[in-house]
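This is what each chain is made of:
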Amino acid sequence: MYQLVSDCRSCGSGNLTEVLDLGAQPPANHFRFSGEPPPDPVPLRLCQCQSCSTVQITASISPRDLFSDYLWVTGTSKAALSYSKTFYNQVTLAVSTLNRPDQRGPGSVIEIASNDGTFLHRFQQGGWRVLGIEPARNIARSAVTNGVPTVAEFFDAEFADHLVADHGPADVVVARNVIPHVENVHSVVAGLATLAGEDGILVVEIHSAEVILRELHYDSIYHEHLFYFSLGTLTGLFQKHGLYPFDIFESPISGGSLAVFFSRRQHPTSSRHEEAVEREHQHETNSSSRWLAFADSAIEHAHALKEVVERYSNSRTIIGYGASARSSTMLNFAGITNSEVAVIIDQNELKQGRLTPGTDIPVVSSEVGLCQLRPEDAVLLLAWNFEDEIVAQLRSSGFQGDI
């Protein structure tokens, strides 16, 4: 089911050192129906390469087991829908400022791991030709139904060759929150370079390592996320394939991400990019000492969370909100189960009626969950990266208890 690596996936060095052991956990999106066998636990151990500084986990689960039938749907998040407009504006602005004589208007966009096509739909509305590549067949079907051309395949260098042969290179290639997921990362990045060709631009979005460190996002560590890139370690990987950064902007996704522009042509770097490089240097984002301090804080936080939840559960009902993959890591690491949390509300219908991985907490709709809340009860905010959206919904429903 899984393999453990001892060499760095980015540079090949055998010099990996442990940062944090989160124990053996089931895959974070393996929500099961009652009566189905529980998923097997897999080691979840975070390490850092002492040669290139890339932070990564050691276990690799087959991507077909993780992604062929997927439960995260981009369009279910109001925050993602709103951000898709910002993303479109930032990308089209970058294209317009490159002074490419061949670019006389909207061109072509290919997105890798395009999910339900939410972001590509923005480009469609702007007159761009779009194509999505999405390995989860259930999600790809949804995208096609919604009018976004989508191919249900896993992406790599060989598949990129076929795409370019059929469609030619793209003006813009988008890879949002996918590079950290892939075991065959060099094949995927080589494929992205092929799709972009000599003149296209590549937009890569990653959960920011600096944000992970600063805001203690240990719950973002799960088996789908093999890598935890900084700007520096991501740049090092892409430069191995002849791709160079020239601009960057911040994203609200995952509680704080970076969207980095790359191309084969070495365009002048923007002031935003230069400032980001300097910030990372000042904060020592790639230092081993910061990651080890992060690990100590994560252990302390998990113990404290367990104590708070146990104290509340002794006198009132606790309902969770947001059956996210990241909540699976936090619940399992803290040892919080259905003994303390009655149900978890989630808007994603694909998760409703299932049990959370490892902790077996029922996932329900907001209608079902809110009916169980009394004024004296409490809500455990699990999808905290959507805090504003969730708190607004809870308060509008009339719940005035602790969150």
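Computed from a prediction, not measured in an experiment: that's the story for all the values here. (Residues numbered from 1 in each chain as written. Predicted model: local features only at pLDDT ≥ 70, side-chain atom pairs only at ≥ 80, totals over all residues. Heavy atoms only, no water.)

A. Representation of the nonpolar core in the model. Membership of the largest hydrophobic core comes to 71 residues, with the highest contact counts inside it found for I179 and F238. Setting aside its immediate chain neighbours within four residues, F238 contacts I179, V189, L192, L202, V204, L243 and F262. Grouped together as the second largest cluster of nonpolar side chains are 25 residues, V91, F123, A143 and F261 included. (Core = buried A, V, L, I, M, F, W, Y, C linked by side-chain atoms within 4.5 Å. Buried < 20%, exposed > 50% of the residue type's maximum accessible area, 1.4 Å probe, protein only. Contact = heavy atoms within 4.5 Å.)

B. Just the sheet that holds strand β3 (residues 42–49), in detail. On the basis of which strands lie adjacent, the open sheet formed by four strands has the order β2-β3-β4-β11 and antiparallel pairing. Of all the strands in the sheet, just β2 (16–25) and β11 (227–228) have a single pairing partner and so form its edges. Relative to β11, strand β4 (residues 55–57) is paired through two bridges, and the arrangement is antiparallel. Looking at β11, one finds that Q56 is bridged to F227. Here helix α11 (residues 325–334) sits on the sheet in contact with β2 and β3, set at roughly 85° to β2. (Pairing = 2+ DSSP bridges. Helix = DSSP H or I, 4+ residues; strand = E, 2+ residues; numbered from the N terminus. Axes fitted to C-alpha atoms, helices over the stretch in contact; angles between N-to-C directions.)

C. Quick peek at the pattern of salt bridges. Taken as a whole and judged by the stated rule, the model has 16 salt bridges. Close ionic contact of R265 with D199 constitutes a salt bridge, the shortest N to O distance being 2.6 Å. One end of the pair, R265, is in the loop between β13 (257–263) and α9 (271–283); the other, D199, is in the loop between α6 (185–196) and β10 (201–207), and 66 residues separate them in sequence. Overall, R265 belongs to the partly exposed group, its relative accessible area being 46%. With relative accessibility at 34%, the residue D199 sits in the partly exposed group. Where D219 meets R326, a salt bridge forms, and the shortest distance between an N and an O atom there is 3.2 Å. With D219 in the loop between α7 (209–214) and β11 and R326 in helix α11, this residue pair connects regions lying 107 residues apart in the sequence. A relative accessible area of 2% means that D219 is categorised as buried. Connected through shared salt-bridge partners, E210, R214, E215 and R290 make up one network. (Salt bridge = Lys/Arg side-chain N within 4 Å of Asp/Glu carboxyl O.)

D. Broad picture of the environment of E389. By secondary structure assignment, the location of E389 is in helix α13 (residues 387–396). Considered as a pair, E389 and V189 are 200 residues apart in the sequence and their alpha carbons are 34 Å apart. If we skip the residues at most four places from it in the chain, E389 touches S77, K78 and A79.

E. Just the sheet that holds strand β17 (residues 378–381), in detail. Judged by pairing direction, the sheet is parallel, and its four strands sit side by side in the order β16-β15-β14-β17 without closing on themselves. Two strands close off the open sheet at either side, each with one partner strand: β16 (363–364) and β17.

F. A look at the packing of aromatic side chains. Scanning all chains against the criterion turns up 13 aromatic pairs. On the numbers, 5.6 Å between centres and 65° between planes, the contact of Y83 with F119 is edge-to-face. With Y83 in helix α2 (residues 78–96) and F119 in helix α3 (residues 118–125), the pair connects residues that are 36 residues apart, well separated along the chain. Considered together, Y83 and F119 belong to a single accessibility category, that of buried residues. An angle of 80° between the planes, with centres 5.0 Å apart, marks the rings of Y88 and F123 as edge-to-face. One end of the pair, Y88, is in helix α2; the other, F123, is in helix α3, with 35 residues separating them in the sequence. Both residues of the pair, Y88 and F123, belong to the buried class. Three or more aromatic residues link up through ring pairs in this structure, and these residues are Y83, F87, F119, F246, F249 and F261. Taking NZ or CZ as reference, R176 lies 3.7 Å from the ring centre of F119, over its face. (Phe/Tyr/Trp six-rings, centres within 6.5 Å; stacked < 30°, edge-to-face > 60°. Lys NZ or Arg CZ within 6 Å of the ring centre and 35° of its normal.)

G. Structural context of α2. With 19 residues, α2 should reach 27 Å at 1.5 Å per residue; the first-to-last C-alpha distance of 28 Å fits that figure. When we look at burial in α2, the residues that qualify are A80, Y83, S84, F87, Y88, V91, T92, A94 and V95. (Expected span 1.5 Å × (residues − 1).)

H. Seen up close, the pairing of strand β6 (residues 108–112). β6 sits mainly inside the fold: five of its five residues count as buried. Pairing of β6 with strand β9 (residues 172–176), which is carried by four bridges, proceeds in the parallel orientation. Of the residues in β9, the one forming a bridge with V109 is V172.

I. Structural detail: the side chain of S13. Note on placement: S13 falls in the loop between β1 (2–4) and β2. Overall, the relative accessible area of 13% leaves S13 in the buried class. When near neighbours in sequence (up to four residues on either side) are disregarded, S13 contacts S6, D7, C8, C49 and S51.

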